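Okay, here's what each chain looks like letter by letter:
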Amino acid sequence: KTLTGGTCAWPARLGQWLRAAFPNATVTMQSLAQKGITTYVLFAQLGLLLERHGDADVVIIDTLVNDAWALEDRSQNWVSMVFEAFIRAVRDILPSVEIFVLLAGCGACSRQ
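Residues numbered from 1 in each chain as written. Predicted model: local features only at pLDDT ≥ 70, side-chain atom pairs only at ≥ 80, totals over all residues. Heavy atoms only, no water.

## Some points on the nonpolar core
Nonpolar side chains tend toward joint burial in soluble globular proteins. In terms of nonpolar packing, the biggest core is built from 13 residues, with L46, I61, F86 and V90 touching the most fellow members. Broken down by secondary-structure element, the contributors of at least two residues to this core are helix 2 (39-52), strand 1 (58-61) and helix 4 (78-93). Apart from the residues within four sequence positions on either side, F86 is in contact with T39, L42, F43, L46 and I61. (Core = buried A, V, L, I, M, F, W, Y, C linked by side-chain atoms within 4.5 Å. Buried < 20%, exposed > 50% of the residue type's maximum accessible area, 1.4 Å probe, protein only. Helix = DSSP H or I, 4+ residues; strand = E, 2+ residues; numbered from the N terminus. Contact = heavy atoms within 4.5 Å.)

Next up, the structure:
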């Protein structure tokens, strides 16, 4: 089967894999990805996003691609501070959820 568009994105592929690996489980995968949204902007929306999805078992966070532009300038340490605050806020809002942070590689990151 050929995957195109949103079905090719890693969240969709992960959902397909989970359903295949655990056929007797109910797997609901919902991607809240937004093009070009940095952690800083996402943080401002966090309460509303998590309020709608408070029944999640796992939250996977992948912001590296959208934040990579700020990593080009090492003086942009606000990215790290906002990211940490973001993770802490997710934990505060959804204390029983498992948080998985995905840090995929990028050119700017390898120079850090």
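## Focus: the side chain of T39
Relative to the assigned elements, T39 resides in helix 2. In this structure T39 comes out as buried when scored by relative accessible area, which is 1%. For T39, the contacting residues outside a window of four places in its chain are T63, D67, V82, F83 and F86.

## Section: the packing of aromatic side chains
Applying the stated criterion across every chain, the model contains two aromatic pairs. Seen in terms of ring centroids, W17 and F22 are 6.3 Å apart; in terms of plane orientation they differ by 85°. Their pairing is edge-to-face. Residue classification places F22 among the partly exposed residues on the basis of a relative accessible area of 45%. (Phe/Tyr/Trp six-rings, centres within 6.5 Å; stacked < 30°, edge-to-face > 60°.)

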